[in-house]
Protein chains: 2
Amino acid sequence: MSLPRIAVDAMGGDEGVRVMIEGAALARRRHDRFKFLLVGEETRIAQALENHPNLKAASEILHAPDVVSGDEKPTQALRRAKTTSMGLAIDAVKRGQAGVAVSAGNTGALMAMAKLALRTMPGIDRPALAALLPTLGEHDLVMLDLGANTECDTRNLIQFAIMGAAYARIVHGLDAPSVRLLNIGSEETKGTDNLRDAASALKAAAEQLAFSFDGFIEADKISRGNVDVVVTDGFSGNIALKAMEGAARFVADLLRRSFSSSLRSKFGFLISKPATELLKHHLDPNNHNGAVFLGLNGLVVKSHGGASALGVAHAVAVAARLLEENLTERIAADLTRVGAEAFRSSGRNTKAQPQAAGAEQEVSGEGA
Amino acid sequence: MSLPRIAVDAMGGDEGVRVMIEGAALARRRHDRFKFLLVGEETRIAQALENHPNLKAASEILHAPDVVSGDEKPTQALRRAKTTSMGLAIDAVKRGQAGVAVSAGNTGALMAMAKLALRTMPGIDRPALAALLPTLGEHDLVMLDLGANTECDTRNLIQFAIMGAAYARIVHGLDAPSVRLLNIGSEETKGTDNLRDAASALKAAAEQLAFSFDGFIEADKISRGNVDVVVTDGFSGNIALKAMEGAARFVADLLRRSFSSSLRSKFGFLISKPATELLKHHLDPNNHNGAVFLGLNGLVVKSHGGASALGVAHAVAVAARLLEENLTERIAADLTRVGAEAFRSSGRNTKAQPQAAGAEQEVSGEGA
C-alpha cells in the first residue's frame, strides 16, 4: 500500500535545495513506497532532480516563489504563508494534498505557520517539538519541547507531559511511560515556580493521566535509560539537546586526538575501528534527525538546519513512520481518553505566568 | 611562604566527612604549604583525621553542632548561620581566620550565607558561580552562572559578563577575552527579552569594558575553543553543564560497551589504553571540580555534592590557587577599572524583569 505524499520544503536548511533533494532521494531509495511533493523554486528543484531519476519519478513539484529566511521573525514569515515554500508545504497538509510536511527551515516560523494553518488539538494550547533521543536503556526517550516555545507556563508543561506520554505509548508500545520534568535538582524545592507547580499538578493527576510521573530529572541523567519522557520548556530543552550534541562531538574529537597521539594508540585505533564506527553511528545527530510538532491537527516534521543529506533522509523516514502509525489520530484519541481538555488554559486570567509578549516571542526558538 | 588557611566545610556533600577529609588530605599531600580549618562535628572529624596524620598536623578543627541539609531552603539555612558547618566556614573567611571556604553542601544555602556574610562587591547585585571547563582550544573557558541564580535579569547577565571577563583576564592572562551569551540561536532575534537586552547593552559598552563581546553562542559550540567566557543564567548554565557531563559519560559507557562487543575490539582497547586513559582523565568531572562565587568580598569555592576525594582535592587546589592569585582583590580592581558600578541595578524600578519572589527563589539552584 502506498502512503500519502510527503511534502518537502526544498528551500529550508543551511544548505538548501541540493541537500534536501539528496536527502529525499536517499530516503526514497530505501523505501520505494514513498511519494513526494517537493515545494520550492521550480527550476532549481527540477535541476536538482536531474541527478535523482528515482526520486523524480515519485515526485511532483509545487512551485513557491518565496523563501522564509533563517533569521526572519515568525510574525513576518506568517504574512507570506501563501508564497513561501514552508507555508505551501504546510498548506498541502491542511488541504490533504500531503500527509506530512518536512522542513529544515526557521523553527519559529515553522511553528507559527503550522499552528495557524493546522490549529492545535482540543486540550492543547501550544504545540511542542518532540524528538527521540538515544539512551543506554532498551529504547530511545521522548524529549520535548526542544525549541518551539522559548518560554512556557505551568499549563504548557503539563500539556507537554500528556502529549509526550501519548507519543511514548504509541512509538514504544508502553502502557504507563515514566515521565519526568527537567530541573536543576531532584528535590521538590528546586527550580522555578512553573516547574514546581507543574510537578504538583502532575503528581495529583497521575492516575487519571495513565502515566507514571516520577518527579524531576537533572540534565546529566537524561540518557541513562531509566525515563521514557523528559519534559521541559523550549529554551532549556534546546540548550540541553545542543549541549549533549556538542559534548558528544567534543569527546569524539578528543578521542581522535588521543588515538593519534602515539603509534601504539594508532594501531589500537585501527584494530578497534568497528567499535568506534558503531560509536560514531550512535552519536551522529544526523542519525537522530527529525523532530515532530506534537499537538497539531496534522503532521509537521522539523529537520535540523545543519543536517546532511543522510540527516534529511532520516527526518523523511521519521515523517513516513509517523504517517504510517497514524500519529495525529492516535495522539488525539489518547488526549481525549485521558481528559486532557481539563488541563487547557482557561484564558488569560490563569494563575500561571503571563506568556511572553506576542507571537514573535512565543515562537522565536531555533529547533532541534 | 605559607598561604592563609583553607576552611573546609567537612559535613557537606553526598558522602560527608570521610570524603571531605580524604580530599583535603590528598590536596595536602601534593602541596605541603596548605593549612586547614576543618569545620564540623568535632568527634567525627577527629576520628577521620586519625587516618591522615599529614593533614592532622596542618589542621585545626572548628566545632559546628549543626549541618545544612541538601534539600533545605536557603532562608531556613540562613537562620542557622552561627551553628552550621557551612555558616561557620564562611564566617571564618569573614573574620580573616581563613582565606577561603570550600563546601560541597547545598548551593542555594551556600550562596545565601556567603552573600549575607561577605556582601557583594561594588557594582555587583548578585554573585555568580563560575567554573573553568575543558575545551578543544588552548585553554579552559570560564562559564557562569552555573546554578547560583535560578532566574536572572538583564543587569545580572551584564554583571556576570563583566566578572567572567575579569576572571578570564586573571587566570589566563588575556587582554580582551571573547565573551558570549548562551542562547538557543546565534541570530539577534533569538531568545528571551533579557538576553536580547543584555546583548545590546554589552555591544554598546564593549569598548569601555575591555573585552570583546561576540554575541550569542549555542550550547553545542561551548567546548570548541573559540570563546573565553560563556555567560548564562543559573538555570540554563546548570542544565548545559550537567547535559555535557551526562553526554560525556554516555559516550564513555557506549565506548566501553562497543569495545567489549568483539574480541578484536577488546584487543584494540587494551592496546589503546593510554589514549582512553587520557580521555577518561580529561572527561572526569572530578578533574574539573571547584566553582568559585564571583562578586563577593571573600573567596568561597563550591565542590560538587557528588565529588570523590579526588574531586574534593581538586576543589581545594582551585581554592588555594585563587587565594594565591589574590582573586578577590584583583576582580574588585578590575571592576573598578572598567566602571562596573555604572551597570548596577538602580533599585526595583529598573526596566529589567522583576526578580523571582524572595531570597528563597533567588538562590534555590543546585550547583556545579
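The name an unreviewed UniProt entry gives chain A is Phosphate acyltransferase, with Novosphingobium olei as the organism. Reading the Subcellular location (unreviewed entry) entry of the UniProt record for chain A gives the comment "Cytoplasm". According to the UniProt record, the Function (unreviewed entry) comment for chain A reads "Catalyzes the reversible formation of acyl-phosphate (acyl-PO(4)) from acyl-[acyl-carrier-protein] (acyl-ACP). This enzyme utilizes acyl-ACP as fatty acyl donor, but not acyl-CoA."

Chemist: Which parts of the structure should I look at to understand the overall build of chain A?
Modeler: Scanning chain A from N- to C-terminus turns up 14 helices and 11 strands. Counted over contacts in chain A with a minimum sequence separation of 6, partners at least 24 positions apart contribute 73%. Accessible area of chain A: about 14000 Å², with a carbon and sulfur share of 50%.

Chemist: What is the right way to look at the packing of aromatic side chains in this model?
Modeler: Aromatic ring pairs are reported here in terms of the distance separating the ring centres and the angle at which the planes meet. Residue and element names in this part refer to chain A. Under the definition given, this model contains 2 aromatic pairs over all chains. Pairing Phe-34 with Phe-36 gives two aromatic rings, centres 6.4 Å apart and planes at 75°, and the pair type is edge-to-face. Across the pair, Phe-36 and Phe-34 agree in class, each one buried.

Chemist: Sorry, what's going on with the nonpolar core here?
Modeler: What tends to happen in soluble globular proteins is that the nonpolar side chains get buried as a cluster. Judged by nonpolar contacts, the single largest core of 237 residues is most densely connected at Ile-6, Tyr-167 and Leu-181 of chain A together with Ile-6, Tyr-167 and Leu-181 of chain B. Filtering out sequence-adjacent residues up to four positions away, Tyr-167 of chain B remains in contact with Ala-130, Leu-132, Val-142, Val-292, Leu-294, Leu-322, Leu-327 and Ile-331 of chain B.

Chemist: Sorry if this is basic, but what is going on with the pairing of strand S7 (residues 178–182) of chain B here?
Modeler: The side chains of a regular strand alternate, residue by residue, between the two faces of the sheet. Residue and element names in this part refer to chain B. Counting buried positions over the 5 residues of S7 gives 4, a clear majority of the element. Here S7 runs beside strand S8 (residues 212–217); their pairing, made up of 4 bridges, is parallel. The residue of S8 that forms the bridge with Val-179 is Phe-213. Between the parallel elements S7 and S8, the chain passes through helix H8 (residues 193–209) in a crossover that is right-handed. In this sheet, strand S9 (residues 229–231) lies alongside S7 in parallel orientation, the contact comprising 3 bridges. For Val-179, the partnering residue across the bridge sits in S9 and is Val-229.

Chemist: Could you clarify how one ought to interpret the sheet that holds strand S8 (residues 212–217) of chain A in this entry?
Modeler: Backbone hydrogen bonds hold the strands of a sheet together, and the pairing may be parallel or antiparallel. Residues and elements named next belong to chain A. Pairing is mixed across the open sheet formed by 11 strands, whose spatial order is S3-S2-S1-S4-S11-S10-S5-S6-S9-S7-S8. With partners counted over all chains shown, the strands left at the sheet margins are strand S3 (59–63) and S8, one partner each. Direction aside, the axes of adjacent strands within the sheet are offset by 25° on average.

Chemist: What's the story with the environment of Val-292 of chain A in this structure? I'm lost.
Modeler: Residues and elements named next belong to chain A. Assignment of secondary structure puts Val-292 in strand S10 (residues 291–294). Taking the relative accessible area as the measure of exposure, Val-292 reaches 1% and is therefore buried. Contacts of Val-292, omitting those with residues within four sequence positions, involve Ala-128, Leu-129, Ala-130, Tyr-167, Leu-299, Val-300, Val-301, Leu-322 and Leu-327.

Chemist: Even after reading the chapter, I still don't get the sheet that holds strand S3 (residues 59–63) of chain B, so can you show me in this structure?
Modeler: Residues and elements named next belong to chain B. Spatial strand order, S3-S2-S1-S4-S11-S10-S5-S6-S9-S7-S8: 11 strands in an open sheet with mixed pairing. Edge positions in the sheet fall to S3 and S8, since each has one partner strand and no second. If you compare each strand with its neighbour and ignore which way they point, the axes differ by 25° on average. With 3 bridges connecting them, strand S6 (residues 141–144) and S9 associate as parallel partners. Of the residues in S9, the one forming a bridge with Val-142 is Val-229.

Chemist: Mind showing me how you'd approach the environment of Lys-190 of chain B here?
Modeler: Along the chain, Lys-190 of chain B turns up in the loop between S7 and H8. Distance from Lys-190 of chain B to Phe-216 of chain B, taken between C-alpha atoms, is 8.9 Å for residues 26 residues apart in sequence.

Chemist: Looking at this structure, I do not really get the packing of helix H1 (residues 17–30) of chain A against helix H12 (residues 309–324) of chain A. What am I missing?
Modeler: Any two packed helices are characterised by the angle at which their axes cross and by the distance between the axes. Residue and element names in this part refer to chain A. Here H1 crosses H12 at 55°, and the two axes come no closer than 7 Å. Taken together, H1 and H12 sit at an angle that is classed as oblique. The handedness of the crossing between H1 and H12 is right-handed. Judged by residue contacts, Val-19, Met-20, Glu-22, Gly-23, Ala-24, Leu-26, Ala-27 and Arg-30 of H1 engage Ala-309, Leu-310, Val-312, Ala-313 and Val-316 from H12. Considering only residue class, the contact of H1 with H12 consists of 10 nonpolar, 1 polar and 2 charged.

Chemist: Help me understand the pattern of salt bridges, please; the structure alone is not making it clear to me.
Modeler: Scanning the entire structure with this criterion turns up 34 salt bridges over all chains. A salt bridge links Arg-321 of chain A to Glu-325 of chain A, with the nearest nitrogen and oxygen atoms 2.9 Å apart. Owing to a relative accessible area of 34%, Arg-321 of chain A belongs among the partly exposed residues under this scheme. Its salt-bridge partner being Arg-18 of chain B, residue Glu-22 of chain B comes within 2.9 Å of it at the nearest N-O pair. Linking Glu-22 of chain B with Arg-18 of chain B, this pair stays in helix H1 (residues 17–30), spanning 4 residues, or about one helical turn.

Chemist: Looking at this structure, how should I read helix H5 (residues 85–94) of chain B?
Modeler: Owing to its 3.6 residues per turn, the α-helix aligns residues three or four sequence positions apart on the same side. Residue and element names in this part refer to chain B. Among the 10 residues in H5, 9 count as buried, and that is most of the element. Turning to H5, its buried residues number three or more, namely Ser-85, Met-86, Gly-87, Leu-88, Ala-89, Ile-90, Asp-91, Ala-92 and Val-93. Here the buried face of H5 lies against strand S1 (6–9), strand S2 (36–40), S3, strand S4 (100–103), helix H6 (107–118) and strand S11 (299–302). Positioned one or two residues after H5, Gly-96 has a phi angle of 80°, which is positive.

Chemist: What should I look at first to understand the side chain of Ser-85 of chain B in this one?
Modeler: All names here are of chain B. By the secondary structure assignment, Ser-85 is in helix H5. What makes Ser-85 buried here is its relative accessible area of 1%. Those residues within four positions of Ser-85 in sequence are excluded, and the remaining contacts are Asp-9, Met-11, Val-39, Gly-40, Ala-64 and Asp-66.

Chemist: Sorry, what's going on with unusual backbone geometry here?
Modeler: As a rule of thumb, non-glycine residues mostly have phi less than zero, and peptide bonds are mostly trans rather than cis. All names here are of chain A. For the bond from Leu-144 to Asp-145, the omega torsion is -5°, close enough to zero to count as cis. Tracing the sequence through the fold places Asp-145 in the loop between strand S6 (141–144) and helix H7 (154–172). Positive phi, close to 65°, is recorded for Arg-119, a residue that is not glycine. Counting through the fold element by element, Arg-119 comes out in the loop between helix H6 (107–118) and strand S5 (128–133).

Chemist: Sorry, what's going on with the environment of Leu-141 of chain B here?
Modeler: Residues and elements named next belong to chain B. Position of Leu-141 relative to the elements: it lies in strand S6. Residue Leu-141 is classed as buried on the basis of its relative accessible area of 0%. Along the sequence, Leu-141 and Val-229 sit 88 residues apart, while their C-alpha atoms lie 5.7 Å from each other. Leu-141 has contacts with Ala-131, Leu-132, Leu-133, Thr-135, Ile-222, Val-227, Asp-228 and Val-230, leaving out every residue within four places of it along the chain.

Chemist: In this structure, what is going on with the confidence of the model for chain A? I would like to understand it.
Modeler: Where the model shows low pLDDT, its predicted coordinates should not be examined in detail. For chain A, per-residue confidence averages 86 on the pLDDT scale, and residues scoring 70 or more make up 85% of the total. Below pLDDT 50 for its whole length, residues 346–368 of chain A participates in 70 contacts with residues either more than four positions away or in separate chains.

Chemist: What is the right way to read the side chain of Thr-135 of chain B from this model?
Modeler: Here Thr-135 of chain B shows up in the loop between strand S5 (128–133) and S6. Engagement of the side chain of Thr-135 of chain B in a polar contact is seen with the backbone nitrogen of Gly-137 of chain B, the distance being 3.0 Å. Contact partners of Thr-135 of chain B, with chain neighbours within four places excluded, come to Phe-250 of chain A together with Asp-140, Leu-141, Ser-223 and Gly-225 of chain B.

What counts and how
- Residues numbered from 1 in each chain as written.
- Chains lettered and ligands numbered in written order.
- Predicted model: local features only at pLDDT ≥ 70, side-chain atom pairs only at ≥ 80, totals over all residues.
- Heavy atoms only, no water.
- UniProt positions renumbered as here; feature names shortened; annotations may be inferred.
- Helix = DSSP H or I, 4+ residues; strand = E, 2+ residues; numbered from the N terminus.
- Contact = heavy atoms within 4.5 Å.
- Areas by Shrake-Rupley, 256 points an atom, 1.4 Å probe, with all protein chains shown as cover.
- Phe/Tyr/Trp six-rings, centres within 6.5 Å; stacked < 30°, edge-to-face > 60°.
- Buried < 20%, exposed > 50% of the residue type's maximum accessible area, 1.4 Å probe, protein only.
- Core = buried A, V, L, I, M, F, W, Y, C linked by side-chain atoms within 4.5 Å.
- Pairing = 2+ DSSP bridges.
- Right-handed = clockwise from strand over helix to strand, strands pointing away.
- Axes fitted to C-alpha atoms, helices over the stretch in contact; angles between N-to-C directions.
- Parallel < 35°, antiparallel > 145°, perpendicular 65-115°, else oblique.
- Left-handed = near helix turned anticlockwise from the far one by under 90°.
- Nonpolar A, V, L, I, M, F, W, Y, C, P; charged D, E, K, R; others polar.
- Salt bridge = Lys/Arg side-chain N within 4 Å of Asp/Glu carboxyl O.
- pLDDT = per-residue confidence, 0-100.
- Polar contact = N/O pair within 3.5 Å; in protein donor to acceptor, adjacent residues only side chain to side chain.

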